[in-house]
Each structure stands twice: as C-alpha cells, then as structure tokens.
Amino acid sequence: MLQIKNVHASVEDKVILNGINLEVKAGEVHAIMGPNGAGKSTLASVISGKEEYEMTDGEIILDNEDITELDPEERAHKGVFMSFQYPISIPGVSTTNFIKTAINETRKSKGLEDMPASEMLKMIKEKAELLDIDRKFLSRSLNEGFSGGEKKRNEIFQMAMLEPKLAILDETDSGLDIDALKIVANGVNKLKSNDNAVVVITHYQRLLDYIVPDFVHVLMDGKIVKSGTKELAYELEEKGYDWIKEELVK
C-alpha cells in the first residue's frame, strides 16, 4: 500500500527527517509515536504533499506508483486523506457541499462524471448513520463554531465519504475529552477494511486503547529508531522515551 524509502525532508533549510523507511500494507494500522520535535507531523505532511516541507531525498510509493512529485490535490485524488490537528473553518460552505465538491473533483480526475444527486444523498445518509451523525450537523458551515470533538467527527465523516486508500490521522486526539476520543476511534474502526490502511500519529498511548495498531514505531531525531506491537506503546507510557535514547547510546 505505502512504501516510504529513505525519506529526508527539511523546513526552511532546517533538516527534520533523516532517512525514514516505512512500509504499510493494506488492512494495517500503524502508529507513529515520539517526543515533541521528533518529526511526526513533518512525516504526515510529507506523505500528504504539503508544499512548505521540502523532501530532499527518497521516494514515496502508493499502490506501486511513485507519488513523490505529486502535489497535495493529486495525492488526495490517488487516495491519500489527512486529518489535521487543527481543522480549518469555512464560513458559508456547508459540510455537505464541501464533501460533494471533494468527491466530484476526485471523480473528474479519473475521467468520471459527477456522482448523481440521488446516489450522493444515499451515501451521505448511509455514512451518517454508520457514524451516528445527525444529518442537521452536516448542513452547518464547515467547522464554524464547532467544538473540538465536532471538528474531529466531521473529519471522520469526510474520510468515510471519500473512502481513501490511506488515512493519516495527525494527532487527531489533541485536545479531545474521552467521549470525543471514543467517537473518533469508533468511526476509524468502522471504516477500517482490508482495502485501506491507517497511519495514526499521536503523543499518547490512550488513543491506542481505542484504535488498536498492528505496529507502533518510535520516531526520534528524524528517524524511526524502534518498532514493535501495541505493547511498545504501553512501555513508552510507563517509561517515557529516555530508555530508548539509552538503548541507542549502548
């Protein structure tokens, strides 16, 4: 599904990533953890193609296609979805209209006509029911006046509608109370399938109680320095990151 090969990246000439190698297969959930400044959000941004991050070396392969040179919109059309730590608000544009536009732009990129209105409405209804979302919620302006939990739920709805191959959740648990966290995790779990993959970037083990990863990777100083199962996340919660630093020095 996703192959990251020897990726180096910088921001404003400051080197952040120092040779990331990662493979994510279809049906898998991978968690990226690490201390502040380790490069976690930079990795998410590089995968999604954000232009302020300069990738200086390496390759990003999605479904056997090199997407390294593609812009964010093209990557989105190929099936990359990124949930942001701080979702933007768009006054005057309803969530429903925003998602209709996004879906039809993706269809257009593949040479398809717009999705028929009846099919779109049916899909909206199905996904809203799946995620326990009130349809009235979807008529509100995108994220305007939304609580943190509502913004995250809205993003999960967008993910459900777009049906991406690869979903990147960048610190999606930031600022959420436990109820909102459960809502987001429940949505991600319901949307997980053998045809897609999820990369979860988080500071805290608590999110991984609800979105159970197949693999956990520790990112430090721009490199993945340790990988393991969910048990590694518990170990990090208990010991912090210093013990890994000590292991690396030995």
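Residues numbered from 1 in each chain as written. Predicted model: local features only at pLDDT ≥ 70, side-chain atom pairs only at ≥ 80, totals over all residues. Heavy atoms only, no water.

Let's hear about the overall build of the chain: which residues, and what values?
Counting secondary structure elements, the chain contains 8 helices and 12 strands. Computed over its C-alpha atoms, the radius of gyration of the chain comes to 18 Å, within 12% of the 18 Å expected for a compact globule of 250 residues. Taken along its principal axes, the extent of the C-alpha atoms in the chain is 60 × 40 × 35 Å. Taking as baseline every contact in the chain between residues at least 6 positions apart, the subset at least 24 positions apart corresponds to 68%. Working note: accessible area of the chain is about 12,400 Å², and carbon and sulfur atoms make up 46% of it. Side chains of the chain carry 31 positive and 44 negative charges; the gap between the two charge centres is 5 Å. (Helix = DSSP H or I, 4+ residues; strand = E, 2+ residues; numbered from the N terminus. Rg over C-alpha atoms; globule rule 2.2 N^0.38 Å. Contact = heavy atoms within 4.5 Å. Areas by Shrake-Rupley, 256 points an atom, 1.4 Å probe, with all protein chains shown as cover. Lys, Arg positive; Asp, Glu negative; His and termini not counted. Charge placed at Lys NZ, Arg CZ, Asp CG, Glu CD.)

Residue-level account of the pairing of strand E6 (residues 80-83), with values.
The side-chain alternation of E6 yields two buried faces, one formed by Val80 and Met82 and the other by Phe81 and Ser83. When E6 meets strand E9 (residues 166-170), the two strands line up parallel, connected through 4 bridges. Residue pairing in the sheet places Ser83 in a bridge with Leu169 of E9. (Buried < 20%, exposed > 50% of the residue type's maximum accessible area, 1.4 Å probe, protein only. Pairing = 2+ DSSP bridges.)

Hey, could you go over the environment of Lys25 for me, with residue numbers and the actual values?
Mapped onto the elements, Lys25 comes out in the loop between strand E2 (14-24) and strand E3 (29-33). Excluding its chain neighbours within four sequence positions, the residues that come into contact with Lys25 are Met1, His30 and Ala197.

An account of the nonpolar core is needed here, citing residue identities and associated values.
Across soluble globular proteins, nonpolar side chains have a tendency to be buried as a group. By size, the foremost hydrophobic cluster in this structure holds 43 residues, and its most contacted members are Phe157, Met161, Val188, Val200, Ile211 and Leu236. Val7, Leu43, Leu62 and Leu219 belong to the second largest nonpolar core, which has 27 residues in total. (Core = buried A, V, L, I, M, F, W, Y, C linked by side-chain atoms within 4.5 Å.)

Which residues make up the pattern of salt bridges, and what values do they have?
Applying the stated criterion across every chain, the model contains 7 salt bridges. Between Glu65 and Lys78 there is a salt bridge, with its nearest N and O atoms 3.1 Å apart. Highlighted residues: Glu65 in strand E5 (residues 65-66) and Lys78 in helix H2 (residues 72-78), separated in sequence by 13 residues. Relative accessible area serves as the criterion here: at 33%, Glu65 is assigned to the partly exposed category. Ionic pairing is found between Glu105 and Lys108, a salt bridge with its closest N-O pair at 3.3 Å. With Glu105 and Lys108 both in helix H3 (residues 95-109) and 3 residues apart, this pair spans about one turn of that helix. Using a relative accessible area of 31% as the deciding quantity, one classes Glu105 as partly exposed. What makes Lys108 exposed here is its relative accessible area of 53%. (Salt bridge = Lys/Arg side-chain N within 4 Å of Asp/Glu carboxyl O.)

Lay out helix H6 (residues 178-191) with the relevant residues and their values.
A rise of 1.5 Å per residue sets the reference length of H6, with its 14 residues, at 20 Å; its end C-alpha atoms lie 20 Å apart and thus fit the reference within 8%. Along H6, the positions that sit buried rather than exposed are Ala180, Leu181, Val184, Ala185, Gly187, Val188 and Leu191. Buried residues of H6, seen end-on, are gathered within an arc of 155 degrees and therefore sit on one face of the element. (Expected span 1.5 Å × (residues − 1). Arc of directions from axis to C-beta.)

Before we move on, can you summarise the sheet that holds strand E1 (residues 2-11) with the specific residues and values?
One open sheet holds the 4 strands; their spatial order is E2-E1-E4-E5, and the pairing between them is antiparallel. Of all strands in the sheet, those bounded by a partner on one side alone are E2 and E5.

Please give an account of the side chain of His77 that cites residues and values.
With respect to the secondary-structure elements, His77 resides in helix H2. If near-sequence neighbours (up to four positions away) are discounted, His77 is found in contact with Glu105, Thr106, Ser109 and Lys110.

Requested: an account of the sheet that holds strand E10 (residues 197-201), with residues and values cited.
Read across the sheet, 6 strands follow the order E6-E9-E10-E3-E11-E12 without closing on themselves; strand pairing throughout is mixed. Each end of this open sheet is capped by a strand with a single partner; those strands are E6 and strand E12 (223-228). Each adjacent strand pair in this sheet contributes to an overall mean axis angle of 20 degrees, direction not counted. Relative to E9, helix H1 (residues 40-48) is tilted by about 150 degrees, and along the sheet it contacts E3, E6, E9, E10 and strand E11 (215-220). (Axes fitted to C-alpha atoms, helices over the stretch in contact; angles between N-to-C directions.)

Got a sec to walk through a negative patch on the surface? Specific residues and values, please.
The grouping of Glu51, Asp71, Glu73 and Glu74 at the surface amounts to a negative patch. Turning to its location among the elements, Glu51 is positioned in the loop between H1 and strand E4 (54-62). (Patch = residues over 30% accessible without salt bridge, like charges linked within 9 Å, V, L, I, M, F, W, Y side chains within 5 Å.)

An account of unusual backbone geometry is needed here, citing residue identities and associated values.
With a phi close to 70 degrees, Asp13 is a non-glycine residue in the positive phi region. For Asp13, the position within the fold is in the loop between E1 and E2. What makes Asp13 exposed here is its relative accessible area of 72%. One non-glycine residue, Asn64, adopts positive backbone phi at about 65 degrees.

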